[in-house]
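Spelled out from the first residue to the last, the chains are:
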Amino acid sequence: MRKADADGASQYGLGLPMGARMMSGESDLHIKLEKELAAFEKKEDAILLNFGYQGMVSAIDCLVDRHDVIVYDSESHACIIDGLRMHMGKRFVFPHNDISNLEKQLERASKLVNESGGCILVITEGVFGMSGDQGKLKEIVDLKKKFQFRLFVDDAHGFGTMGKTGAGTCEEQGVMDGVDIYFGTFPKSMALIGGFIASDAQVVEFKRYNMRSQIFAKSLPMPLVIGAFKKIRTFKNKTRVKR
Ligand SMILES: Cc1ncc(COP(=O)(O)O)c(C=O)c1O
């Protein structure tokens, strides 16, 4: 990783690109890395984030409006809680990994959105940082048979470590298709800074033009982009040992 960092820095400097993605912060390598991340996560598209924390806050802010309801796990990371604080609509919490309570919250939320015309966003994590246990993604995805919602998974701890190829906790639990919005970060398994969101092309396109943390802040520096390429290739080439 030190060599990838040093090669990137000697080629581009630590600062480049100097600007936000929509201004002067775009490069071919940013676009290429997003394509690679999307393919790795088996999603249509991906968007890079300059920081995981602010990326999550901003991702939640841009996904919902006051007509929508967010249902979330009680042990969600601080960045999710801060994103929720910006939400102007209702939010319902379910006790950590309590699927029968989640079902109750989804019933409440469904009644509300039927009246408001909004949608439901369920947010949980792949691997919870404090306890180390996994979110019950499979059970949550199963609830889609009964309720209409989008599932947003923060897999900061699972990306690069969980699943056969390292694609994360959704791969580990066999629910990559059922997770609508996948969020991974680079500081843990990649020893870098930054992150990404992988999802349907329509969702990612909407985020490109509506996520304030990426529109009004500097994009991911080149040494980090180069380092991320190197690490993803390592994940891809490695057949992981089944725990
Ligand atoms: C679950 C989770 N999400 C998001 C973040 C924030 O990511 P970053 O450190 O890339 O800003 C963290 C950081 O510890 C985390 O544990």
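Each chain has its residues counted from 1, running along the sequence as written. Thresholds applied to this predicted model are a pLDDT of at least 70 for local features of residues and 80 or more for the giving and counting of side-chain atom pairs; totals over whole chains, interfaces and linings are not thresholded and use all residues. With hydrogens and water set aside, each side-chain value is computed from the structure's full complement of heavy atoms.

Participant: Mind laying out the state of the cysteines, listing which residues take part and the relevant values?
Facilitator: Pairs of cysteine sulfur atoms within 2.5 Å are identified as disulfides in what follows. Taken as a whole, this structure holds zero disulfides when the rule is applied. There is no disulfide at C62, and the cysteine sulfur nearest it, in C119, is 14 Å away.

Participant: How would you sum up the site of the ligand? Please name residues and give values.
Facilitator: The cutoff for a nearby residue is simple: one of its non-hydrogen atoms must lie within 4 Å of the molecule or strand. Taken together, G52, Y53, H77, C79, E125, D154, A156, H157, T185, P187 and K188 form the complete shell of residues around the ligand. Here an oxygen atom of the ligand and a backbone polar atom of G52 are 3.3 Å apart. Between an oxygen atom of the ligand and a side-chain N or O atom of K188, the distance comes to 2.5 Å. Within the complex, the protein chains bury 82% of what would otherwise be the 390 Å² of accessible surface of the ligand. Residues of the shell around the ligand, tallied by class, amount to four nonpolar, four polar and three charged. Polar contacts, as used here, are pairs of N or O atoms within 3.5 Å; protein pairs need one atom able to donate a hydrogen and one able to accept it. Residues neighboring in sequence count only if both atoms are side-chain atoms. All accessible areas in this document rest on Shrake-Rupley with a 1.4 Å probe, and a residue is counted as covered only by the protein chains that are shown. Under the grouping applied here, Gly and all other residues not named as nonpolar or charged are polar, the nonpolar ones being Ala, Val, Leu, Ile, Met, Phe, Trp, Tyr, Cys and Pro and the charged ones Asp, Glu, Lys and Arg.

Participant: Describe helix α10 (residues 222-237), listing the residues and the values that go with them.
Facilitator: Residue pairs three or four apart in sequence face the same way in an α-helix, which turns once every 3.6 residues. We count a stretch as a helix when DSSP gives it H or I for four or more residues in a row; a strand needs E for two or more, and each element gets its number in order from the N terminus. For a helix, the expected span equals 1.5 Å multiplied by the number of residues minus one. An ideal rise of 1.5 Å per residue puts 22 Å on 16 residues; α10 measures up with 23 Å between its terminal C-alpha atoms. Working definition: with a 1.4 Å probe on protein chains only, accessible area under 20% of the residue-type maximum means buried, over 50% means exposed, and in between means partly exposed. Among the residues of α10, M222, P223, L224, V225, G227, A228, F229, K231, I232 and F235 are the ones counted as buried. The criterion used for residue contact is that any of the two residues' heavy atoms lie within 4.5 Å. Buried-residue contacts for α10 involve α1 (2-12) and α2 (28-40).

Participant: With reference to specific residues and values, describe the packing of α1 against α10.
Facilitator: Helix-helix packing: each pair is described by the crossing angle between the helix axes and the interaxial distance. Relative to each other, α1 and α10 sit at 140°, their axes nearing to 8 Å. At the point where α1 passes α10, the crossing takes the right-handed sense. Contacts between α1 and α10 involve A4, D5, G8, A9 and Y12 on the former and, on the latter, M222, P223, I226, G227 and K230. When grouped by side-chain class, the residues that make up the contact of α1 with α10 number six nonpolar, two polar and two charged. The convention used is that axes are lines fitted to C-alpha atoms, helices contributing only their stretch in contact, and that angles between N-to-C directions extend from 0 to 180 degrees. When the near helix sits turned anticlockwise from the far one by under a right angle, the crossing is termed left-handed; a clockwise turn instead gives a right-handed crossing.

Participant: Give me the sheet that holds strand β3 (residues 91-94): which residues, what numbers.
Facilitator: One open sheet accounts for seven strands, arranged β1-β7-β6-β5-β4-β2-β3; its pairing is mixed. The sheet is open, and its two edges are formed by β1 (45-49) and β3, each paired on a single side. Taking each pair of neighbouring strands and ignoring which way they run, the sheet shows an average axis angle of 20°. Think of it this way: DSSP has to see at least two bridges between two strands before they count as a pair. Where β1 lies against strand β7 (residues 195-199), five bridges are found, and the strand directions are antiparallel. The residue of β7 that forms the bridge with L48 is F196. Contacting β1 and β7, α2 crosses the sheet at an angle of about 125° to β1. Along the sheet, helix α4 (residues 78-85) contacts β2 (69-73), β3, β4 (120-125) and β5 (150-154); its crossing angle with β2, the most-contacted strand, is approximately 160°.

Interpretation note: all reported values are geometric properties and have no functional meaning in isolation.
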